[in-house]
Amino acid sequence: MTTPTTPRSTGTRATRVIGIAAIVMSAWLTLFGLVLSPADVAQGDAVRIMYVHVPSVWLAYLAFIVTAICSVWVLVARGRVPGVDRVAGASAEIGVVFMAVTLVSGMLWGRITWGVYWQWDARLTTTALLFITYIGYLAVRGLDGSPEQRARRSAVVGVVAVAEIPLVHWSVRLWRSLHQEATVLDTDLDVDIDGLMLFTLFVGVIAFTLWFVWFVLHRARVMALAALVEERSLDEALAERATEVPAGGQN
Amino acid sequence: MESIEFIIGSYLLTFGAIAVVAARMLRRARSLSHRVPDEEKYWL
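Counting restarts for each chain: residues are numbered from 1 in the order of the written sequence. Each chain takes a letter, starting from A, and each ligand takes a number, starting from 1, following the order in which they are written. Only residues with pLDDT of at least 70 get local features here, since the model is predicted, and only at 80 or more are side-chain atom pairs given and counted; chain-wide, interface and lining totals rely on the full set of residues.

1. Considerations on the overall build of chain A
A run of H or I in DSSP becomes a helix once it reaches four residues, and a run of E becomes a strand once it reaches two; helices and strands are each numbered from the N terminus. Helix and strand counts for chain A come out as seven helices and zero strands. Start at the N end of chain A and walk to the C end: the helices and strands fall as α-α-α-α-α-α-α. Overall, the C-alpha framework of chain A stretches about 85 × 50 × 30 Å when taken along its three principal axes. Buried means a residue has 20 or more other C-beta atoms within 10 Å of its own C-beta, exposed means 12 or fewer, and partly exposed covers the counts in between; C-beta atoms are placed from the backbone. Looking at chain A as a whole, 37% of its 251 residues qualify as buried. Looking at chain A alone, contacts between residues at least 24 apart form 78% of all its contacts between residues at least 6 apart. Contacts here follow a simple rule: the backbone-placed C-beta atoms of the two residues must lie within 7 Å.

2. Details of helix α2 (residues 50–76) of chain A
In this model α2 of chain A runs 39 Å from its N-terminal to its C-terminal C-alpha over 27 residues, within 8% of the 39 Å that 1.5 Å per residue would give. Where α2 of chain A terminates, the next one or two residues include Arg78 of chain A, which has phi positive at roughly 55°. Multiplying 1.5 Å by the residue count of a helix minus one yields the expected span of that helix.

3. Observations concerning unusual backbone geometry
All names here are of chain A. A positive phi angle, near 55°, is found at Arg78, a position not held by glycine. By secondary structure assignment, the location of Arg78 is in the loop between α2 and α3 (82–113). On the basis of neighbour count, Arg78 is assigned to the exposed category, with 11 C-beta atoms found within 10 Å.

4. Let's talk about the interface of chain A and chain B
Listed per partner, the contact involves 34 residues of chain A and 29 residues of chain B. Elements with a contribution of two residues or more to the side of chain A that touches chain B: α1 (13–36), α2, α3 and α7 (195–244) of chain A. Considering each element in turn, the side of chain A that touches chain B owes the most residues, 10 residues, to α7 of chain A. Split into classes, the residues belonging to the side of chain A that touches chain B amount to 18 nonpolar, 10 polar and six charged. The nonpolar class holds Ala, Val, Leu, Ile, Met, Phe, Trp, Tyr, Cys and Pro. Asp, Glu, Lys and Arg form the charged class, and all remaining residues, Gly among them, are polar.

5. Notes on the confidence of the model for chain B
Confidence scores per residue from the predictor, reported as pLDDT, run from 0 to 100. Mean pLDDT over chain B works out to 92, with 100% of the residues at or above the 70 mark. Interface confidence for the predicted complex, given as ipTM, is 0.93, next to a pTM of 0.89.

6. Considering the nonpolar core
Working definition: the nonpolar core is a set of buried Ala, Val, Leu, Ile, Met, Phe, Trp, Tyr and Cys residues, joined through C-beta atoms within 7 Å. With 64 residues, the main nonpolar core has Leu59, Ala63, Phe64, Tyr134, Trp211, Phe212 and Val216 of chain A as its most contacted residues. Elements with a minimum of two residues in this core: α1, α2, α3, α4 (122–141), α5 (147–161) and α7 of chain A together with α1 (4–33) of chain B. If sequence neighbours within four positions are ignored, Tyr134 of chain A has contacts with Phe64, Ala92, Gly95, Val96, Met99 and Ala161 of chain A.

7. Thoughts on the packing of α3 of chain A against α7 of chain A
Residue and element names in this part refer to chain A. Working convention: axes come from line fits to C-alpha atoms, limited for helices to the stretch in contact. Angles between N-to-C directions cover 0 to 180 degrees. Contact geometry for α3 and α7: axes closest at 8 Å, N-to-C directions at 130°. The orientation of α3 relative to α7 falls into the category oblique. Note that α3 runs across α7; the crossing there is right-handed. Between α3, through Arg86, Val87, Gly89, Ala90, Ser91, Glu93 and Ile94, and α7, the contact on the second element is made entirely by Phe212, Phe215, Val216, Arg219, Ala220, Met223 and Ala224. A breakdown of the residues in the contact of α3 with α7 according to their chemical character gives nine nonpolar, two polar and three charged. Orientation is classified from the angle alone, with under 35 degrees giving roughly parallel, over 145 giving roughly antiparallel, 65 to 115 giving roughly perpendicular, and any other angle giving oblique. Crossing handedness is defined as follows: a turn of the near helix away from the far one that is anticlockwise and smaller than a right angle gives a left-handed crossing, while the clockwise case is right-handed.

8. Considerations on the environment of Gly11 of chain A
Secondary-structure assignment places Gly11 of chain A in the segment before α1. When the C-alpha positions of Gly11 of chain A and Trp170 of chain A are compared, they lie 39 Å apart, and in sequence the two are 159 residues distant.

9. Some words on the environment of Val54 of chain A
All names here are of chain A. Here Val54 shows up in helix α2. What makes Val54 partly exposed here is the crowd of 19 C-beta atoms within 10 Å. Residues Val54 and Gly106, 52 residues apart in the sequence, show an inter-C-alpha distance of 9.3 Å.

This is the structure in structure tokens:
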């Protein structure tokens, strides 16, 4: 008698190590962000929101840039690189989640510092537009067509959409904005932040980068599993259909 | 700490989102992995 083995899922030793590191770094971030880092001279304790807000938007930008790079690859290969296309889609999905987190944590921060959750300010409006653009990208990925058609179509959107990131980033300079300018580096590339605050922000960026890698690896594998299941279902349906057709007959 | 509800709320929102997305993804991965033999999983 053989013991049935449990099928292996999307986890590997690498994803487990990355996941544990991300959890540990997130715990550190919470400790430093909420307890050990000092309050800001101007903003007081509200600055503590920065330690989750800035890494969230960093992750979203990173995700959309990865999507754009993979999209260029897909276009060059004329859509015949399904693995790369899956990474593009997985990365965009994670980016959308963290862009939503950025918008909501920014609203909470705005409520403390500006007294309102939302203003149709240049930075906030362009960020919301970026968020909506990538929801559109995900909608395009879901349209009908062959896998190559879908990959090429969404790759075009992935390449065009990334051009919005510089617009969002520079919006505080291009238009008059309520939103503060870059927290860490000013125009002269001088670091203009307290040492412990900078360290906490650095911990946040590392933690969220680890989360990004973990999420993209798992999500791309889930997409691969879904594609395999769909392929197998189609093969089974065709085989079943073939047995229904009488020998030598047409249906 | 001033405005503690907004500060704690932002951390709960961020890590809550991570936990929910991760849990949903792992659940979906487990359900799909039962329908695909291990030898077809390129990452193993």
